[in-house]
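Tertiary structure, described
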Amino acid sequence: MIHFRLGESSRQYTSCRGLVRPAEGRPQVHYETGGSREYLDSERQCEKREGGNRQARQELCPGVVGSNSECGGIPVATMNISPCNACLSCMHKTLGVCAVEDDMQDIYTELKKSDVLCLATPVYLNNMSAQLKNVMDRSICGMQGFLAKDRFGRVRHTFSWRMPARFLLIATSGFPEMETFETLIATYRAQALNFGSEPVAAMCVPGSIALQMEPERLDGHLSLLKQAGFELGSKNSIDGDTLRQLNTPPLTADQYLTAAAKYEGWLRRKLGETSQG
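First, a word on what this report is: a plain description of the structure on this page.

Cut-offs used in this document
Residues numbered from 1 in each chain as written. Predicted model: local features only at pLDDT ≥ 70, side-chain atom pairs only at ≥ 80, totals over all residues. Heavy atoms only, no water. Core = buried A, V, L, I, M, F, W, Y, C linked by side-chain atoms within 4.5 Å. Buried < 20%, exposed > 50% of the residue type's maximum accessible area, 1.4 Å probe, protein only. Helix = DSSP H or I, 4+ residues; strand = E, 2+ residues; numbered from the N terminus. Contact = heavy atoms within 4.5 Å. Pairing = 2+ DSSP bridges. Disulfide = S-S within 2.5 Å. Axes fitted to C-alpha atoms, helices over the stretch in contact; angles between N-to-C directions. Left-handed = near helix turned anticlockwise from the far one by under 90°. Nonpolar A, V, L, I, M, F, W, Y, C, P; charged D, E, K, R; others polar. Phe/Tyr/Trp six-rings, centres within 6.5 Å; stacked < 30°, edge-to-face > 60°. Lys NZ or Arg CZ within 6 Å of the ring centre and 35° of its normal. Salt bridge = Lys/Arg side-chain N within 4 Å of Asp/Glu carboxyl O.

1. Concerning the nonpolar core
Formed by 34 residues in total, the largest nonpolar core has its most connected members in M1, I107, L119, V135, M163, F167 and L169. Secondary structure elements with two or more residues in this core: α3 (89-92), α4 (104-112), β5 (116-123), α5 (130-138), β8 (166-173), α6 (182-194) and β9 (198-206). Residue contacts for F167: discarding those within four places in its chain leaves L117, L119, M136, Y188, Q191, A192, F195, S197, E198, P199, V200 and A201. In terms of nonpolar packing, the next biggest core, distinct from the first, is built from 30 residues, I2, I170, L211 and L251 among them.

The following block contains the structure:
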């Protein structure tokens, strides 16, 4: 998850995982394909945590910072964030304050002072990660128990404090089809509107299983993400042409299957070694 303050004079970029791992000494694996042996960095190309979503997050922020705005990352996957227990203390007792004491308290602080919230998530089963869903559910503590019509005429809660005025979405998925993101995009838009915020843009890149094997195919989209960040920071919007290019799959289905075969070769070897052990 990434948050922005636009037009800030101070510049900051925080890695979304909060750490940088050295390249040297990382283990390698190999796979056999087409009669030739190729070597892969196992952490970069065969583990989900080093996949396309992390790369996408890390390209957006430098673009925002380059436009003289502030960008920070919240490493949701590594934080202790419990599900909402529906105690409603935030509405009935300590207004706007969540009763659960965990890492979510630090996230509330960042949400309250940010202009834009970017939900960055891989798609595992048609929607956002469980950790990010916990964050969004727990953010209802900014809502009051009172009800009123919103700008669309829908009955919704009023607010003790407001979420960032604009929401973005960055998502990756293992499969190559854009339809994989449909449920996630609908959820993201509904969440933004329920918080009285504007869903600005959804930037979705499919095919991460294959892209881990041929990462150079992602280069064009990474450049576009940096451009999108710069446009957001400098103009408070992302150009339609930039979004159209970003939401064009980097691989056809046939290209995806060819690249994914390399992953399958690696997996067969790994499973074979496991069964022998």
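2. Focus: the pairing of strand β6 (residues 143-149)
Inspection of the sheet shows β6 paired to strand β7 (residues 155-159) by four bridges, in the antiparallel sense. Paired with K149 across the two strands is V155, which belongs to β7. Counted along the chain from β6 to the antiparallel partner β7, the turn is five residues long, and its residue G153 has a positive phi close to 85°.

3. Topic: the state of the cysteines
Each disulfide consists of a covalent bond between the sulfur atoms of two cysteine residues. Under the criterion given, the structure shown has one disulfide. The residue that forms a disulfide with C61 is C71, at a sulfur-sulfur distance of 2.2 Å. Here the residue C61 occupies a position in helix α2 (residues 52-66), and C71 occupies one in strand β4 (residues 70-73), the gap between them amounting to 10 residues. Each member of the pair, C61 as well as C71, carries the same accessibility label: buried. The structure places no disulfide on C90, whose sulfur is separated from the nearest cysteine sulfur, that of C141, by 5.5 Å. Judged by relative accessible area, which is 9%, C90 ranks as buried.

4. Section: the packing of α2 against helix α8 (residues 219-235)
With their axes 6 Å apart at the nearest point, α2 and α8 run at an angle of 35° to one another. In the crossing of α2 with α8, the sense of the turn from one axis to the other is right-handed. Where α2 approaches α8, its residues Q55, A56, E59, L60, P62, G63, V64 and G66 are matched on the opposing element by L222, L225, K226, A228, G229 and F230. In the contact of α2 with α8, the residues fall into eight nonpolar, four polar and two charged.

5. Quick look at the packing of aromatic side chains
Under the definition given, this model contains three aromatic pairs. Ring geometry for F167 versus F195: centroids 6.4 Å apart, planes at 35°, classification tilted. Taken as a pair, F167 in strand β8 and F195 in the loop between α6 and β9 lie far apart in primary sequence, 28 residues in all. Owing to a relative accessible area of 0%, F167 belongs among the buried residues under this scheme. Over the ring of F159 we find R162; its NZ or CZ atom is 4.2 Å from the centre of that ring.

6. As for the pattern of salt bridges
Tallying each qualifying case throughout the model produces 10 salt bridges. With a shortest N-O distance of 2.7 Å, K235 and D239 are connected by a salt bridge. With relative accessibility at 30%, the residue D239 sits in the partly exposed group. With a shortest N-O distance of 4.0 Å, E264 and R268 are connected by a salt bridge. With E264 and R268 both in helix α10 (residues 253-276), this residue pair falls four residues apart, about one helical turn. Residue class for E264 comes out partly exposed when judged on its relative accessible area of 39%. Because the salt bridges share partners, they merge into one network encompassing E214, R217 and K262.

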